[in-house]
Amino acid sequence: MFSLTEESTVRSDCPPGDERELVERAKRDPEAFGLLYERYVAQIYRYLYYRTGNPQDAEDLTARTFYRALEHLPRYQERGLPFAAWLYRIAHNIVVNWQRDRRRRPVVALDHVVMHAAEGDPQGALEEQEEREQLIRAFRCLSPERQELLILKFVEGMSNAQIGAIMGRSEGAIKSLYHRTLLELKKNLEGTEDGGARSDPGPDQ
Amino acid sequence: MEEQEATLVRISERLQQLLVPVEPPLAYVRSLRAELVEAARRRQERANRLRRILLVGAAIAGSVASVAGVTAFLVLRRRARVHPPAVVG
């Protein structure tokens, strides 16, 4: 019997020493691995939810991510990056393989995202829905790296410095990447309005 | 230029509305946790068993080596008594 403790709400901004100790314990102690899981499961799920576009696949890939983490944890070595960075790498690789296996871009469902339809204004609601779908299509056309950046920024509410730590880049590089991502989204949205989203990932260095 | 900046800000605001935090279902989180902890426990048990096997194996190998060493020593000593080395000169 177990209960989800307050650990489940703790995010990666816990003290690094505490996290390091927990990771070391988790290599030998199954319950410590459980705590580590509680700490990161929601983040990884959200990331995969927005990368796949639907909750079922997000659940499946979240499970695969943590099973792989469990398998590789004994060989994990801290190299100055937060533990979350390692988990995001695993999740990223899993979702990329998943997309390759299915030989398709993910279905743009995201139906479960809360909609803010204008009540009592069907025309407004329709326009809002249309705009939202255009934005989702444009988002899906972005490279995985740029999608990851937007998810970390908006869904996780991370700062550029935190995103940089996760993605292994400097704060300035993230700021610049974000700007280029917005420009690409703008271009994609214009493309959508002209009859279909297009993608121009460009160099992300 | 200003127009472009305004468009980017607008896109950023729309992203903020689109990319809202979602939570995994609690039942799923709990059940996956239980599965993972169980898998970790089994893995730990396998590792412990392997460590024990290696330890016992090393102990047996050590014992065999000791017995073989003592036996070899005794055999050589007996052989030396039966056939003492010829004294030169």
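Because the structure is a prediction, the values reported are computed rather than measured.

(A) Examining the overall build of chain B more closely. What chain B contains, in helices and strands, is 2 helices and 0 strands. In terms of overall size, chain B is more extended than a compact globule, its C-alpha atoms giving a radius of gyration of 37 Å where 89 residues would be expected to give roughly 12 Å. Once the C-alpha set of chain B is aligned to its principal axes, its extents read approximately 115 × 45 × 5 Å.

(B) Local environment of the overall build of chain A. Scanning chain A for helices and strands turns up 8 helices and 0 strands. In sequence order, the secondary structure elements of chain A are arranged as α-α-α-α-α-α-α-α. Look at the contacts in chain A between residues 6 or more apart in sequence, and 63% of them connect residues 24 or more apart.

(C) Spatial organisation of the packing of helix 2 (residues 30-52) of chain A against helix 2 (residues 26-82) of chain B. Interaxial distance between helix 2 of chain A and helix 2 of chain B falls to 9 Å at its minimum, and their mutual angle equals 145°. The hand of the helix 2 of chain A/helix 2 of chain B crossing is right-handed. Every residue of helix 2 of chain B that contacts helix 2 of chain A at Pro30, Glu31, Phe33, Gly34, Tyr37, Glu38 and Val41 of chain A is listed here: Val29, Arg33, Leu36, Val37, Ala40, Arg41 and Gln44 of chain B. Residue composition of the contact of helix 2 of chain A with helix 2 of chain B, by class: 8 nonpolar, 2 polar and 4 charged.

(D) Quick look at the interface of chain A and chain B. At the junction of the two partners, chain A supplies 34 residues and chain B supplies 27 residues. Elements with a minimum of two residues in the side of chain A that touches chain B: helix 2, helix 3 (55-72), helix 5 (122-140), helix 6 (144-155) and helix 8 (171-193) of chain A. Considered class by class, the residues forming the side of chain A that touches chain B number 24 nonpolar, 4 polar and 6 charged.

(E) Representation of helix 2 of chain B. In a regular helix each residue adds 1.5 Å, so 57 residues correspond to 84 Å; helix 2 of chain B covers 83 Å between its end C-alpha atoms and thus fits that length. Taken across its 57 residues, helix 2 of chain B has 5 buried, putting it largely on the surface.

(F) Representation of the packing of helix 2 of chain A against helix 3 of chain A within the structure. Residues and elements named next belong to chain A. At a closest axis distance of 8 Å, the pairing of helix 2 and helix 3 adopts a crossing angle of 140°. Considered as vectors, helix 2 and helix 3 are oriented oblique to each other. Pair helix 2 / helix 3 crosses with right-handed handedness. On the side of helix 2, the interface is formed by Phe33, Tyr37, Val41, Ile44, Tyr45, Leu48, Tyr49 and Thr52, while helix 3 contributes Pro55, Asp57, Ala58, Leu61, Thr62, Thr65, Phe66 and Leu70. Residues of the contact of helix 2 with helix 3, tallied by class, amount to 12 nonpolar, 3 polar and 1 charged.

(G) Representation of the domain arrangement of chain A in the model. Residue and element names in this part refer to chain A. According to the domain assignment, chain A contains domain 1 (8-110) and domain 2 (121-205). Taken together, the contact between domain 1 and domain 2 spans 16 residues of the former and 12 residues of the latter. Tallied by class, the residues present in the side of domain 1 that touches domain 2 amount to 11 nonpolar, 2 polar and 3 charged.

(H) View of the confidence of the model for chain B. When the pLDDT values of chain B are averaged, the result is 90; 94% of them are 70 or greater. The complex prediction reports pTM at 0.74, with the ipTM value standing at 0.73.

(I) Spatial organisation of the nonpolar core. Residues Ile44, Leu48, Leu87 and Ala91 of chain A are the most contacted members of the largest nonpolar core, which totals 48 residues. When residues of this core are traced back to their parent elements, those giving at least two are helix 2, helix 3, helix 4 (83-102), helix 5, helix 6, helix 7 (160-167) and helix 8 of chain A together with helix 2 of chain B. The residue makeup of this core includes at least three contributed by each of domain 1 (8-110) and domain 2 (121-205) of chain A. Those residues within four positions of leucine 48 of chain A in sequence are excluded, and the remaining contacts are Ala58, Leu61, Thr62, Ala91 and Val95 of chain A.

(J) Local environment of the confidence of the model for chain A. Residue and element names in this part refer to chain A. Per-chain confidence: chain A averages 81 in pLDDT, with 76% of residues scoring 70 or above. Of all the helices and strands in chain A, helix 5 carries the lowest mean pLDDT, 84, while helix 3 carries the highest, 96. Between residues 114-118, whose pLDDT stays under 50, and residues either more than four places distant or in other chains, the model counts 7 contacts.

(K) Molecular detail of the environment of glycine 172 of chain A. With respect to the helices and strands, glycine 172 of chain A occurs in helix 8. Counting along the chain gives 132 residues from glycine 172 of chain A to tyrosine 40 of chain A, while the straight-line C-alpha distance between them is 26 Å.

(L) View of helix 2 of chain A. All names here are of chain A. In the structure, helix 2 departs most strongly from a straight axis at tyrosine 40, where the bend amounts to approximately 45°. Among the 23 residues in helix 2, 18 count as buried, and that is most of the element. Looking one or two residues beyond helix 2, the residue adopting positive phi is glycine 53, at roughly 95°.

Conventions adopted
Once a new chain begins, its residue numbering starts again from 1 and follows that chain's sequence as written. Lettering of chains starts at A and numbering of ligands starts at 1, both following the order in which they are written. Residues qualify for local features only when their pLDDT is at least 70, as the model is predicted, and side-chain atom pairs are given and counted only at 80 or more; totals for whole chains, interfaces and linings, by contrast, use all residues. What counts as a helix is a DSSP run of H or I of at least four residues, what counts as a strand is a run of E of at least two, and both are numbered from the N terminus. We compute the radius of gyration from the C-alpha atoms alone; for a globule the expected value is 2.2 Å times N to the 0.38, where N is the number of residues. Remark: residues whose backbone-derived C-beta atoms lie within 7 Å of one another are considered to be in contact. Axis angles are defined between N-to-C directions and span 0 to 180 degrees, where every axis is a line fitted to C-alpha atoms and, for a helix, only to the segment in contact. Helix crossings get a hand from a simple test, with the near helix turned counterclockwise from the far one by less than a right angle marking a left-handed crossing and a clockwise turn marking a right-handed one. For this classification, the nonpolar set comprises Ala, Val, Leu, Ile, Met, Phe, Trp, Tyr, Cys and Pro, the charged set comprises Asp, Glu, Lys and Arg, and every other residue, Gly included, is treated as polar. One fewer than the residue count of a helix, multiplied by 1.5 Å, yields its expected span. Here a residue counts as buried when 20 or more other C-beta atoms sit within 10 Å of its C-beta, as exposed when there are 12 or fewer, and as partly exposed otherwise, the C-beta atoms being derived from the backbone. Oblique is the label for any angle not under 35 degrees, not over 145, and not in the 65 to 115 range, which are roughly parallel, roughly antiparallel and roughly perpendicular in turn. Delimitation of the domains relies on an automatic or database domain assignment. For every residue, the pLDDT score states the predictor's confidence, bounded by 0 at the bottom and 100 at the top. By convention in this section, buried Ala, Val, Leu, Ile, Met, Phe, Trp, Tyr and Cys residues joined through C-beta atoms within 7 Å make up a nonpolar core. Working definition for bend: take the seven residues up to and ending at a residue and the seven starting at it, fit an axis to each, and measure the angle between the axes.

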